[in-house]
Amino acid sequence: MPHHLLGVPGSYPLVEALWLLPLAGAILCWAFGPQLRTLAGWLASALVGASFVLAALSWGAATQTAGAALGASQALGSWLPGFDFGLLLDPLSLIWTFIITGVGFLIVFYSIGYMEGDRAYARFFAYMSFFVFAMLTLVLSDNWVGLLVGWGLVGVASYFLIGFWFQRPSAVAAARKAFVINVVGDAGMMFAIFLIVANVHAIGFGDVFSAAGGLSSTLVFWICAALFIGAVAKSAQIPLHTWLPDAMEGPTPVSALIHAATMVTAGVYLVARSAPLWSHNPQAQVLVGTVGAITALTGAILGTAQWDIKRILAYSTMSQIGYMIMAVGVGAYEGGVALFFTHAFFKAQLFLGAGLVIHALNNEQDVRRMGGLWKKMPFAFWVMLTAVLAITGVPGFSGFFSKDEVIFGDLQFGHPVLFAISALTAGITAYYMFRLLFIAFFGEYRGDVDHAHAPGWTMNVPVAILVAPSVAIGAALLSGGENSPWARFFAAQFGPDMAAIAHRPPAISEGVTSGIVFALVLIGFAIAWWRYASPGAQRDAGERLEGETRGMPAVLVHLFYVDDAIQLLFVRPAQRLGAFFGSIFDPHVIDGAVRDVVFWARWLGTLVRSFQTGLVRAYALILVFGATCFIVYYAFAAGALH
Amino acid sequence: MALVPITILLPLVVGALLYALPRAPLDGVYPEPSRRARGDGWLARVIGVATAVATFAMLVAERDAQWSVRWLSRPFTAAFHFGATPVAFWIALLLALCTACAIATTRVARTRDFVALLLMLEGTMLGLFLARDLLVFALFWDLMLLPVFFGLLNWGEHPATAWRYFIYNFAGGLTLLLATAAFGVIYGSTDVIGRTGAPLVGAWAPWIFAGFAFAFLVKTPIWPLHTWMPPTYSGLPPPMVAVVSAVQSKAGLYGLLAIALPLLPNYVHQYALPLMVLAAVSLIYGAVVALVQNDAKRVVAYSSLSHLGLIVIAIASLNPLAIKGAIVYIVAHGLFSAALFMVLGYVEEREDTRSLLRLGGLGWKNPRLAGALCIAALAALGLPGLAGFVGELVILIGVYQAGYTWPVVVALIAIILASAYLIRLYQDVMNGPEVEDLPVRADLSWVEGLAVAPLLFALVALGVDPAPLLRL
Amino acid sequence: MIEFWILAVILVASAVWTIAASKPVYSVVALLLNFAALAVLYVTLSAEFLAVIQIIVYSGAILVLFVFVIALLSSGVAPFAMGPNRLPKIWLPGGVVVLVSLGFLVYAASQAVPASVRPPNGPVGAANVFGSVSDFGAALFTVQLLPFEVTALILMVAVIGVITLGGEAMRDAAPRGHERKVERAMREAILREGTD
Amino acid sequence: MAVSIDHYVGLAAVMFFIGVIGVIVRCNPLVMLMSIELMFNAANLLFIAFARVWLQNAGHIFAFLVITVAAAEAAIGLAIIVTTFGPERYVDVDDVRALRG
C-alpha cells in the first residue's frame, strides 16, 4: 500500500515541544502544588503561552505543500507494524492549535485571578494544563488511535474540572454523567477504529484516506457513523447533549475553555479531519447535517427557557456546535471551521464576562437575581454586549461572517430544509442572547449583594484582549468570498474534498440569504426587547420574570425529557439487572445449583453411613460375604462350575 | 542457569524460615502492637520485600535460562523443567512486583506469618509460571491454593469462604491433574510447555481439553463458575487479594495461552463459540453486578470477572493480534487490580469500612490517596494513555478482524458500564461532602506511596509504549 | 490314612467346642487340643520344625496369654462372663452365607484334579531333609530374609501398640486433661489476637 | 483311598468356617479372637499341606510368618480387650460402637 504523506516529515521538530510543554506544566503544578502556591497559575499560563508562541512560529511549516504532502509531520514511534504514531501540523490542526493554546492561554491567565483563594489552587492549573496537552494530542495526532487517546484524555480532564469542587454533590453527579456519556462516544470511535484497521490494516489518516476510494460505500458509511457517535457525545449533539448544561458545575474558566471554545468542538474537528471519508458518502453527510441542525434548533429553544446565566450560555454553545456540525456534515468545511474559530473567541468572551459577573456577585448565577448590572459593572457589560452582537450575527461582527457562511453552505450543498432550520435558529439565537443581556444588565438590580467586588487586572486584561478578535477577526479573514484569506488558507486542505461533493449552484446568492437571516435576527431582537427591555417590561420586571417561571411549559422545564428517557431506558434497567444478578441469581441460582450437589453428596453419605454400624460382627459378616463373592467368581472363572 | 530454581525456592525457603523462627509471645494486639511485635513485623516486611525484589532481579537476569532435572520415565517422561516462556516472564515479573508492593504495606495481625504466607504464595506461583513441564505445572497449581486457603482461614472474614475457595479451585486442580496424566500417557511426555510440537488429537483429546478448560475457567473465573471469587476477594486482607487478583487469576489465562492453545488448538477452535459466549456473559454480567455493589472490594471483584472475560474472548478468537492484546491486558489488569485493591485496603484501614454508602469526601484530606485510586480506576476503565486501553483496543481490533462482531459490541457496552461503576467507586469514596463520622487519618504515607507508585508508573509506561509486550 | 481321619475328627470337634464353650476357659482348653492335633498333623506332613513352633509359640505363648487375660479379668467379685450368644439374631443370613460358601468350596474341591502326596526325600529328623530345621533355617535367612525382617517390624509395631494401649489405660486422666485445656486456651488466644 | 491334597483343603475349609461362625456368632471378644486363631491355623494347614505336595519350603516360611502375625494380633487384641473391659465386668463387642458412622 503506498504511504500517502499528509505532512512533510520532520519539517517542524519543535512540534513535540509545542505538544509537551503544557504536560510539563501539568506535572509540575501537580507534583509541586504546595510549594508553588500562587506561582502555579503563572507557571501554567507561561507554559501554555510558550506553546502558543511555538504554534505561531510553525505557521510556515504547517501551510507548506510538497507534492501530495501538506504541512509538517513528526514520527513518534510504533507499537506494531501498522500502528505508527506521529504528530501532524496542517492548516486544520494549526487553527485548532491556535485556539487551544491562544484562547487557552488567555483563560488560564484569567483563572489566576478567578481561582484566587481556592483550596486546590495548584491542582486547578494542573488540570487545565493537562487539558491543553490532551486537546493538543487530539488535534496533532496523525492517526485515529492517537486521536482517540486525546479524545479520552480531554474527557477525563473535563471530568476532573467539572467535578473540581467535588464536595458539591451536584458537581459530582455532573462529572459522572459527562464522563460516562463521553465514554459512549469513545466506544463509538473505537468501533470505527476496528472497522478501519480490519479493512485498511493501518491507523494513520494518510493510509486510510488513500485507501478510502477502494472501500465500499456501506463500509465508509458505517465508519462515518461510528466516528460520529464519538462526535455526538463529545460535541453535545442530540441525544447525548444532556451532560453539557450540567457541566456548568465546573468553575467558569473551565466552561469557557473546555465546554465552549475547544473540547466540545472536537466533533467538528473529527468530521473535518475525516473529510475525505465524508465527502464520498452522501448518506453520512445527511446524517451529520441533520443531527447538527436539529441540535442547533433544540439548543436554541432550550436556551430561551433557562435562568442560570451559564446554562443559557451552555445551550447556546450546544446550538452553535450544532451549526458547526451541520456545516462540516454537509460539506461546508471552511464555514464550519470558521464558525468554530470565531465562536471560540466570542463564546469564551461571553463565559469570561459571565465569570466577571458571577465572581463579583459572590457566585450568583441566576439572572433573575441580577438586573441593572451595566451601571455596576460597565466593563462586563461592554464585554457581554460585543460578544452578544457577535454571536447573534450582527453585520460587521465576526459571527456574522462565519454564520453566514455556514447557513449559506446548506444551500450551496443542496440542503434547503437545513437552511430553513438554521435560519430560524439564528432568529431564536438573537432572542435568547438579548434576553440574557436585557434581564441581567438592564432595569433595576434585583439581588442582595451590596457592593460587587471588582475583578483584578489579571481577569480584565484577557477579556479585553478577546474583544478584539470577536469583533474584528471575521471582517479581517472571512470577507471576500472565494478569495478571502480564510478560503485561500484552506484551499489545499479542503479544496479536493469540497469539489468531490456533487452540488448545484444555489438559486439565491449569499447576499440574499444574509438579508433573510438578518431580518430574522432583528425579529428575535425585537421580541426580546419587547418582553424584557421596553419601558413597560422594565417597570415590573420582578413579577414578570416570576410569572414567566411559573408559566414555563413542562416540556421545556424537563428539557424535552431526554434525561428521563436515558434514565428509563438505560440506567434503570442496567441497575435492576445488576441487582437481580448480584442478589438473586448468584446466591440462589448458581450457588443453589452448587448447594444441590452438596445436598446429594450428603444424602449419599447418609446412605452409606447407615452401613457403618460400628458392630464388629456385622463387618465380619460383610467381609465373609465379599470373600465368598470372590471365591465364587474365581470358581466360575476357573471353569470348575458350569 | 542455576538461578532459575533458586528464584522459585528463595521465597519458599525464606517464607518457611519466617514462619518457623521463634516469635514473641502474646504481647500487644493490632492496631496497638507492642514495640517488640512491631519490630518483628517491620523486620519481616523488610525481609519479605528484599526477597521479592531479589526474585525480580533474578528473573530479569535469567530471562532466557532453563533448568531441568529428570523426574519420571514411566509411564511418560516428565522433568522438573523450569524456565520462563516470553509470556510467563512478564507475568512472573508482575508477580514479583506485586508481591514486593503488597508486602511493603502489610498491616495485619501476626504480620510475620502473613508475610511468610505471601512469600510462599509468590514461590508457588513462580513455580507455576516458570514450569515447562505440565505435571510440574499441575503440582504448583494445587500448591498455590494453599497459602490463599490459609490466608482466608486465618485472616479472612469467614472460614466458609476459605472452603469455598479451596473446593472450587481444587476441583479445577483435580481435572487439571487428570487431564495432565491422560495427556502424558497419550503424548508420551509432559515436558511440553513452550515447545513446538505436534498438537494432540485422538479420541481422548476432547476430554483432556475439557479437563484443562474446566480448571482454567474456574480459576480465571468465567461465568457461571465465578461465585467463589467475590467472597474470596472481599474476604482476603488487601495485600493478599492484590496478589491473588493480579496474578493468581492469570494462571488460568496463562494455561489457556501456553497449554490449551499450542497443544490442543483444534479443540480451542472447535469450542471457540461456547467459550466466547460464556466470556461475553461474564463480561456483561460482571459489569452490571459491579454497577450496584456497595462493597468497594466487591465492585473490583466483579469488575475482574468482566475484564478477564475480555481476555478469554481474545484467546477464543484465535487471532494473533487479539492474543497480543490479551498479553498486554493480562499485565495491565494485574497492575491496576493490584493497585485498586491496595488503595482500597488503605481506605479500609483508615476508615474501618469499605461500604460505598458510608464512605465519601476523603479526597480533600487525602489528595495523594485520591490520586492513586483515581489513576488505578482510570486504568481499569480503559482510559486511553494507560495500559488497560492498549489491551482493550488491540484485543478488540483482533477479535473484530477474526470476524466476530457481536463480542466486540458486547465488549464496548461493558466498557461503557465499566466507566460507570469505576467512576462511581472513585466518587463515592473520594468525592462528595466530607462525612462527619469518618475518622480523619493521615494521607498516604511514604511507604504506602512507594508501594503503589511502581504499579501506577508501570500502567502509564505500558500505556504510552506497550511495544515490549506487543512484540512478544 | 487312618491318622489323618483321627486327627481330622479331633480338629473339627475341638474347633466346634472352642466356639461353642460356655466359659472362656473351656474355649482355651479346646483350642489347646486343636493346636496340639494340628502339630501332630504337621509332623505327618514332614513339617517337624513348624510342629515344634506350633506347640511352643501357640500353645506355650499365645494361649497362655489368653489364660492370663481371662484370669486378670475374672479377678475380683464376679467371674468373667461369657456374654450373650447372638446366633439366633443372625442365623438366617449368616447361616445361608456360610452354608452356600461351604457348599461351593466342597464342591469345587471335589471337582479338582486329585494329586497324591509324594513321599518325602528322607527320614523324619534327618538333617537337610525337607521340613527339617536346617532346611527351614537356610531358606529363612537367605531367600526369605526380607519377609523375615518385615515380621520383626510387625512385632515391633505390636509392642508399641500394646504399650500405647496399656499406657493410655494406666494414665491418670483428670489432671492431665486440665493441663491440656489450659494449653489449648492459650493457643487459641494467640491465634485470635496475634502477637503483632 | 489315599490321602490327597483335597482332603487337607476340605479339612482346612471346615476349620476356617467354624472360625468364621465363631466370629460372627459370639459376642465375647476373647472367643472371637480364638476363632480368628482357628482361621489362621486353617490357613497354615493349607500352606503346609501344599508345601508338602510341591516339596517347597516357602510354604513353611509363610506359615511361620502367619504365626508371628497371629502372635502380634493376639497381643494387640488382648490389650484392647483389657482397656475396653468396663465396670459391668463382661464384654460385649456390640456395646463398643466407637466406629459407628
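About the cut-offs
Residues numbered from 1 in each chain as written. Chains lettered and ligands numbered in written order. Predicted model: local features only at pLDDT ≥ 70, side-chain atom pairs only at ≥ 80, totals over all residues. Heavy atoms only, no water. Contact = heavy atoms within 4.5 Å. Buried area = accessible area lost by both parts, 1.4 Å probe. Salt bridge = Lys/Arg side-chain N within 4 Å of Asp/Glu carboxyl O. Helix = DSSP H or I, 4+ residues; strand = E, 2+ residues; numbered from the N terminus. Nonpolar A, V, L, I, M, F, W, Y, C, P; charged D, E, K, R; others polar. Buried < 20%, exposed > 50% of the residue type's maximum accessible area, 1.4 Å probe, protein only. pLDDT = per-residue confidence, 0-100. Expected span 1.5 Å × (residues − 1). Bend = angle between axes of the 7 residues up to and from the residue. Pairing = 2+ DSSP bridges.

(A) How the structure looks around the interface of chain B and chain A. Every contact between the two is made by 58 residues of chain B and, on the other side, 46 residues of chain A. In total, about 4,400 Å² of surface goes out of reach between chain B and chain A, with carbon and sulfur atoms giving 76% of it. The interface formed by chain B and chain A contains three salt bridges. The closest approach of N and O atoms between Glu 434 of chain B and Arg 119 of chain A, which form a salt bridge, is 3.4 Å. Looking at the side of chain B that touches chain A, the elements that each hand over two or more residues are α7 (159–187), α13 (272–292), α15 (320–351), α16 (367–380), α17 (387–401), α18 (406–430), α19 (446–464) and α20 (467–470) of chain B. Considered class by class, the residues forming the side of chain B that touches chain A number 38 nonpolar, 12 polar and eight charged.

(B) Summary view of the pattern of salt bridges. In this structure the tally under the stated criterion is 25 salt bridges over all chains. Ionic pairing is found between Asp 591 of chain A and Arg 164 of chain B, a salt bridge with its closest N-O pair at 3.1 Å. Pair noted here: Asp 591 of chain A is in helix α28 (residues 562–609) and Arg 164 of chain B is in helix α7, and the two residues belong to different chains. Overall, Asp 591 of chain A belongs to the buried group, its relative accessible area being 9%.

(C) View of the arrangement of the chains. Here five pairs of chains make contact, and the pair sharing the most contacts is chains C and D. Without any contact between them, chain B and chain D keep their closest C-alpha atoms 23 Å apart.

(D) Up close: the confidence of the model for chain D. Taken as a whole, chain D shows an average pLDDT of 82; of its residues, 82% reach a score of 70 or greater. In the model of chain D, helix α1 (residues 5–25) of chain D stands out as the element of lowest mean pLDDT, 83, in contrast to helix α2 (residues 29–54) of chain D, which has the highest, 90.

(E) Spotlight on the environment of Leu 256 of chain B. Residues and elements named next belong to chain B. Relative to the helices and strands, Leu 256 resides in helix α11 (residues 250–263). Taking relative accessible area as the criterion, Leu 256 reaches 5% and is therefore assigned buried. Sequence separation between Leu 256 and Tyr 426 is 170 residues, and the spatial gap between their C-alpha atoms is 33 Å. Leave out the neighbours within four places in its chain, and Leu 256 touches Phe 216, Leu 217, Leu 261 and Ile 315.

(F) Quick look at helix α22 (residues 457–478) of chain A. All names here are of chain A. For α22, with 22 residues, the first-to-last C-alpha span of 32 Å sits near the 32 Å given by 1.5 Å per residue. Along α22, the largest kink reaches about 50° and is centred on Ala 472. All buried positions along α22 are accounted for by Thr 458, Met 459, Pro 462, Val 463, Leu 466, Pro 469, Ser 470, Ile 473, Gly 474 and Leu 478. Those residues of α22 hidden inside the fold are in contact with α3 (39–57), α5 (91–114), α17 (333–360), α19 (378–392), α20 (398–412) and α23 (485–500). Where α22 ends, the next residue or the one after it, Gly 480, has phi of about 115°, a positive value.

(G) Representation of the sheet that holds strand β5 (residues 83–89) of chain A. Residue and element names in this part refer to chain A. Within the open sheet, the three strands sit side by side as β1-β4-β5. Their pairing is mixed. At either margin of the open sheet sits one strand with a lone partner, and together these are β1 (8–9) and β5. Inspection of the sheet shows strand β4 (residues 72–80) paired to β5 by seven bridges, in the antiparallel sense. Residue pairing for β5: Ser 73 is matched across the bridge by Leu 88.

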